[in-house]
Every structure is written in structure tokens, then in C-alpha cells.
Amino acid sequence: MPAERLRTVLQRIQNAADAAGRPVPALLAVSKTQPAAAVAALAAAGQAAFGENYVQEGAAKRAALAAAHPGLHWHLIGHLQSNKAAQAAEAFDWVQSVDRPGLVAALARHRAPQRGPLNVLIQVNVEGEAGKSGCRPEDLPALADRVADTPGLALRGLMSIPVPHPDPERRRPTFRRMRELFDGLAARHPGADTLSMGMSDDFAIAIAEGATLVRIGTALFGPRPR
Ligand SMILES: *Cc1c(COP(=O)(O)O)cnc(C)c1O
């Protein structure tokens, strides 16, 4: 059944891209709270990129699956506390939630050179919602330059988690603004090729607005166990 769910989600992504006349985005399978066995089943069906919200949980799954599935890529998509930066730089291939200068040096310092650069997305809070993760749009250029200038890190693009308005259509302006910010970023930093936005209930809208990577949990794994 995991293979069937994966096929269905990939088909829905393709349909949304075709309908919008956009390139087909990559799929990140969000495996937070799912057991390693569920990740293994999806990996066996061909999915290679997985997203986790917590550093420790992601590191544990990576370790559990390393022998049987050595080719997996792990993305941290949850808020990163500074005191977890070292472990994050070791356990993950991508960190999508870089949102402040203090994380940049800490991640770079703990990235082993033989692993290659850590792929970084900058999380942006375009709605300016108080108490939410993400840098302000006006702080983005300086933070992007800092990531790009730091050895051991590769600036790959932007990530957004819109305010979860119950009507997903209300999230469209956020996706649209993110695409504008992304185009500006990519003009300055040619290595920036990834715009991460869209989840199970709004990925078609995000794709129509130009997402290049969608983060999908529930539609792939079913409801989360906790
Ligand atoms: C949980 C989560 C997702 C996936 O959400 P679903 O609605 O289960 O698809 C995507 N992105 C982030 C940042 C998340 O925390």
C-alpha cells in the first residue's frame, strides 16, 4: 500500500504541474512521527528524500536505515535550536529552516568536509506573523549572502510554511510572494534552485505558484500516530 500511495501522490503532483504549465516539482516525504519501518517501505517503493521536524528523531531514523537504504537524503524542516546545530549538520543533508545569522556559523563549523556542503534553504515568514519561525523578507538578502559566503554550506533556496488558514486558497498570496522572493534570490545566487512550499492540503496551489519541492506527509503515510 505504501507503493500505491506514493504512485497516487506522484500522479497528483504531475497533474497539478501539467494543469498549471509548471515543471514537475520534487517530492519530499515528511516522515515525522512515522516509524522507521514506514520510511523503509516508502524507500523500497523508490522514494529517496525524507523530511523530519526534530533533529534527534531524524538522526535516529537515518542511523536505523543507513545499512538497508544507504541512498536516502534527509531534510530538517522543523525549527532548529542553536544548541542542536551541530547534530543537525551531521545527521541531515539539507536544513530547510535556517532563519537567523546565528545558525549559519554553527552549522558550517560542524559540517565534516568529506560530507560535502550542507544544503541550506532559508525559511521566510512573509506574513510577519509574530512568534513564528522564519526570517523577515527585509532580512533575507543579508542572510542569503552570509550563507552563500560560508564554506561548508550551499545556498539552495527558500522554504515557507504559510499560516494554516482553513481555506487553502487563502494561502495563495503567500506562495506567490515566496516565488517573487525566490526569483530575486536566484538572480543574485545562481545556485539557488529550490523553492520548498506546499503540503498535503495545498500542494496543488503551491505548484501553480511555482514550488520546485513539495513537502507531503499525511497524503503519503496516512494520519500521524501522534
Ligand atoms: C508536518 C509538515 C509537513 C507535512 O504536512 P502534511 O499536512 O502531513 O502533508 C510539511 N512541512 C512541514 C514544515 C511540516 O511540519
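This text goes with the structure placed above it.
Structure report, in brief. The structure displayed is predicted, hence computed values, not measured ones.

What follows covers the environment of Gly 58. Residue placement: Gly 58 occurs in helix α3 (residues 55–65). Judged by its relative accessible area of 1%, Gly 58 falls in the buried class. Considering only alpha carbons, one finds Gly 58 and His 110, 52 residues apart in sequence, at a separation of 17 Å. Non-local contacts of Gly 58, meaning those with residues more than four positions away in its chain, are made with Glu 52 and Phe 92.

Below, the discussion takes up the nonpolar core. Core analysis: the largest hydrophobic core is formed by 60 residues, its most contacted members being Phe 50, Leu 107, Ile 122, Leu 158 and Leu 220. Sequence-distant contacts of Ile 122, defined by excluding residues within four places in its chain, comprise Gln 96, Val 98, Cys 135, Leu 140, Leu 143, Ala 144, Val 147, Leu 155, Gly 157, Leu 158 and Met 159. In terms of nonpolar packing, the next biggest core, distinct from the first, is built from five residues, Leu 28, Val 30, Ala 49 and Ile 77 among them.

We now examine the pairing of strand β2 (residues 49–52). The alternating pattern of β2 places Ala 49 and Gly 51 on one face and Phe 50 and Glu 52 on the opposite face, and all of these are buried. Here strand β1 (residues 26–30) pairs with β2 via two bridges, running parallel. Within β2, the residue paired with Ala 29 across the bridge is Phe 50. Each parallel crossover has a hand, and the one from β1 via helix α2 (residues 36–44) to β2 is right-handed. With α3 bridging β2 and the parallel strand β3 (residues 73–76), this β-α-β connection has right-handed handedness.

So, about the packing of aromatic side chains. The description of an aromatic ring pair uses the distance of the two centres, along with the angle that the planes make with each other. Tallying each qualifying case throughout the model produces one aromatic pair. Considering the side-chain rings of Phe 50 and Trp 74, the 5.7 Å spacing of their centres and the 35° angle between planes classify their relative orientation as tilted. One end of the pair, Phe 50, is in strand β2; the other, Trp 74, is in strand β3, and 24 residues separate them in sequence. Trp 74 sits in the buried class, given a relative accessible area of 2%.

Conventions adopted
- Residues numbered from 1 in each chain as written.
- Predicted model: local features only at pLDDT ≥ 70, side-chain atom pairs only at ≥ 80, totals over all residues.
- Heavy atoms only, no water.
- Helix = DSSP H or I, 4+ residues; strand = E, 2+ residues; numbered from the N terminus.
- Buried < 20%, exposed > 50% of the residue type's maximum accessible area, 1.4 Å probe, protein only.
- Contact = heavy atoms within 4.5 Å.
- Core = buried A, V, L, I, M, F, W, Y, C linked by side-chain atoms within 4.5 Å.
- Pairing = 2+ DSSP bridges.
- Right-handed = clockwise from strand over helix to strand, strands pointing away.
- Phe/Tyr/Trp six-rings, centres within 6.5 Å; stacked < 30°, edge-to-face > 60°.

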